[in-house]
Amino acid sequence: MSTLTDPPNEGFRLSMLINDTRYRSLTFQVIAAIVLALCIWYLGNNLIQNLRAAGLNISYTFLGDPAGYDINQRLVEYDSQSSHAKAALVGLLNTLLVAFLACITATVFGVVAGVLRLSNNWLVSKLMAVYVEIFRNIPVLIWIIIIFTIMTAVLPGPRAFRGDNATASMVLDAFAFTNRGIYVPMPWFENGLFASTAMNWLLVLGGFAGSWIAAHQINVWANAKQEATGVRPKTTAMILAAWLVPFLALMLIMGLTWEYPELKGFNFSGGIKVGGPLIALWFALSIYTGAFIAENVRAGIQAVSKGQTEAASALGLRPRRVMNLVVLPQALRVIIPPLISNFLNITKNSSLAIAVGYADITATLGGITLNQTGRAIECVLLLMLFYLTASLTISMVMNVYNASVKLKER
Amino acid sequence: MKKSVILGAMTFAGLAAGAASAGTLDDVKARGKLNCGVTTGLVGFAAPNANGEWEGFDVAVCRAVAAAVLGDSSAVEFVPTTGKTRFTALASGEIDMLARNTTWTFSRDVDLKFEFVGVNYYDGQGFMVPKELGVSSAKELDGATVCIQTGTTTELNLADFFRSNNISYEPVPIETNAEAQQQYLAGACDVYTTDASGLAATRATFDDPAGHVILPEIISKEPLGPLVRHGDHEWGDVVRWSLMALIAAEELGVTSANLSEMAAGTENPEINRLLGTEGTLGEMLGLSADWGKNAIAAQGNYGEIFAKNIGEDTPVGLARGLNAQWTEGGLLYAPPFR
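On a predicted model such as this, the values are computed, not experimentally measured, just so you know. (Residues numbered from 1 in each chain as written. Chains lettered and ligands numbered in written order. Predicted model: local features only at pLDDT ≥ 70, side-chain atom pairs only at ≥ 80, totals over all residues.)

**Quick word on the sheet that holds strand β1 (residues 176–178) of chain A**
All names here are of chain A.
No. 1: With antiparallel pairing, three strands are arranged side by side in an open sheet as β1-β2-β7. Of all strands in the sheet, those with a lone pairing partner are β1 and β7 (272–275), marking the two edges. Between one strand and the next, the sheet's axes are offset by a mean angle of 15 degrees, whatever the strand orientation.
No. 2: Two elements, strand β2 (residues 181–184) and β7, share four bridges in a ladder whose sense is antiparallel. Within β7, the position partnered with G181 by the bridge is G275.
No. 3: The strands that helix α8 (residues 276–303) touches are β2 and β7; relative to β7, the one it contacts most, it runs at about 50 degrees. (Pairing = 2+ DSSP bridges. Helix = DSSP H or I, 4+ residues; strand = E, 2+ residues; numbered from the N terminus. Axes fitted to C-alpha atoms, helices over the stretch in contact; angles between N-to-C directions. Contact = placed C-beta atoms within 7 Å.)

The structure is reproduced here in structure tokens:
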């Protein structure tokens, strides 16, 4: 029986790279990778050589030069003598602001529309279907422009508020809705505990954090008591007090007052101005992406089998608790992953801001700076880097959340 | 992912390859068509008429160059560009020349690697406000909201003007003239600022032009002119001298009416050289001998083009002012044709 021997142990031969199935796929992958790398090298080299031939070079020194232009919405200190880098930062913060706001409202719109679309009420469900189909089937740029156009055409200009027989007036003498934006009263502290306004607001935030911890402790205490005695103590008043008392005390001590907007010269001044471009862009992005999220939510809810709902009802749970305790936690697993891409879409679509004159990073770094300095490749590379970083960060945060709600197998 | 990297790199390489190609004159001749960058629409300077044909002051320069090079003033492909896209379009080779009321500045000439071939309109930045505001000087504009066309020299001048006068304003950046016009008319901004010629052209399209005033302050020098890519000097010469031919023609009294008569030969040797009946100027440029005659035949001489598109008898209604011939107290001065 010595005929059954191992195959002769030959050394590695070059032909085995093609003929031996163990190596073949590896061979082709290596070849493909080399070809790809060569292509990229060729194109990159071509670019560099052509740039050199045209007398252009890649340089980022322009970022330190004074920008020379003004920006209408600034979240940090900026004037026309600040550097291009600072202008890019202002734009970046504006992008992040509108993306953040739009992500929140789009989620609210989406969840409401998605749940209502499954309603048994024929009118409500059909209305939601119409909303979804209209908004997700028209490009977002068109929505941004039309919302902005309607806003500027319908709302009165600041001039209409002037004179004895003004055609427009402020709501409650505190809010002014104009076609340049909405002016709201600004809270400020008469005798703040710190010299800087930001520190005072941080203190208020700190107060909220303390309240949250206190409310949490009350819940822990109530749970312990319930487990020990079977009776849950009434906590509503205590939690309310934990939230309100520190807040009201802080406001009283620091002397909260409101600064109301008033018509001065060409515009309203005082108060906080929420610019028209920001509102139009924010609303358009929210309502457009909300339509997509609504479909995700509907898909998520429908993915939970009917048996779950029926079983929960059979146990005597009321419809609201069925939704909150049984359906939604399971639906979230289906909803979250596509929700991530919707958030990424909001961030990327916010680059359409220039259509309504909103100074996001595409408008400052990729628009005015690019144009004034002529450094197109440098600016576009920076923009790509920024959007990539922002998107990957959002993706990462949402994936952490996704990991916390996904099915845990034990 | 891999695919998008390749595509991105190819785009860059494509852009760069376009920029590196030389011999625009040969390219245009081979193509039989001139690609000329113009605005997306500014009445009087460049806008399509009711028949969809482009016409205007800047368009006339494109047509003159096409006539000089190809002998056909209609052999032009007009490429509308915004303030933002124009330089990329020219640098990438998408267009052969840009005639889009573009201000000649040091950094554009030197740093952006372009070649301004001359000035076809001496302009300056101004402000337009509704009459009902009762503003009579730009220095009274403290706190005003100002619409600006983004990607132009105007936003820099504006920042400088308000800073040096120590007054504040709120800028509203707008992509195109049409959108700026709509925002201004809706009252979303108090003031519209751009080159004074552009303001006049925009105002001409309003329902009620008399309800808007252009403030007296001119806050900048804006020499507007056609430009080409840096480095292709033969092509730069063709565009430069086509423009100069139009200006010289007005100075020498050559008009579209008497052109054929003059082209038969005159007593004035400079006219003869300009129209190609004497000397070899066309050959030196690499063009036919009658290039100058063709350029002038396209739309007439500089004065005729001005009067027809933006002059005082048109809705735009601009006076010659600085743009008169040097013999009449203006700045237009064509170098000698010899």
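**Points about the environment of I134(A)**
Residues and elements named next belong to chain A.
No. 1: Following the sequence through the fold, I134 ends up in helix α4 (residues 122–136).
No. 2: Exposure remark for I134: the 12 C-beta atoms within 10 Å place this residue in the exposed category.
No. 3: Sequence separation between I134 and G276 is 142 residues, and the spatial gap between their C-alpha atoms is 24 Å. (Buried ≥ 20, exposed ≤ 12 C-beta atoms within 10 Å, placed from the backbone.)

**As for the nonpolar core**
As a rule of thumb, nonpolar side chains are buried together in soluble globular proteins.
No. 1: Formed by 161 residues in total, the largest nonpolar core has its most connected members in I144(A), L281(A), C62(B) and V65(B).
No. 2: For this core, the element with the most residues is α8(A), which contributes 14 residues. (Core = buried A, V, L, I, M, F, W, Y, C linked by C-beta atoms within 7 Å.)

**Some thoughts on the domain arrangement of chain A**
No. 1: Under the domain assignment, chain A is made up of domain 1 (84–143 + 275–405) and domain 2 (190–255).
No. 2: Domain 1 of chain A and domain 2 of chain A are separated by 32 Å when their C-alpha centres are compared. (Domains from an automatic or database assignment.)

**Looking at the packing of helix α3 (residues 57–70) of chain B against helix α9 (residues 233–252) of chain B**
Residue and element names in this part refer to chain B.
No. 1: For the pair α3 and α9, interaxial distance at closest approach is 9 Å and the crossing angle is 110 degrees. The angle between α3 and α9 places the two elements in the roughly perpendicular class. Considering only the axes of α3 and α9, their crossing is right-handed. Taken together, the residues of α9 that come into contact with α3 (itself represented by V61, A64, V65, A68 and V69) are V238, V239, S242, L243 and L246.
No. 2: Tallied by class, the residues present in the contact of α3 with α9 amount to nine nonpolar, one polar and no charged. (Parallel < 35°, antiparallel > 145°, perpendicular 65-115°, else oblique. Left-handed = near helix turned anticlockwise from the far one by under 90°. Nonpolar A, V, L, I, M, F, W, Y, C, P; charged D, E, K, R; others polar.)

**Observations regarding the sheet that holds strand β12 (residues 212–214) of chain B**
Residue and element names in this part refer to chain B.
No. 1: Here we have five strands laid out as an open sheet, ordered β10-β9-β11-β8-β12, and mixed in their pairing. Two strands lie at the open edges of the sheet, namely β10 (169–174) and β12, each paired on one side alone. Direction aside, neighbouring strands of the sheet carry axes that sit 30 degrees apart on average.
No. 2: In the packing of helix α6 (residues 154–164) onto the sheet, the strands contacted are β8 (125–130), β9 (144–149), β10 and β11 (191–195), and the crossing angle to β9 comes to about 155 degrees.
No. 3: The sheet contacts of helix α7 (residues 177–185) involve β9, β10 and β11, and relative to β9 the element is tilted by about 160 degrees.

**Section: the interface of chain B and chain A**
No. 1: Taken together, the contacts link 39 residues of chain B with 41 residues of chain A.
No. 2: For the side of chain B that touches chain A, the secondary structure elements donating two or more residues are α1 (2–20), α4 (86–91), β9, α6 and β10 of chain B.
No. 3: For the side of chain B that touches chain A, the element with the highest residue contribution is α1(B), accounting for 11 residues.
No. 4: Along the lines of polarity and charge, the residues of the side of chain B that touches chain A split into 21 nonpolar, eight polar and 10 charged.

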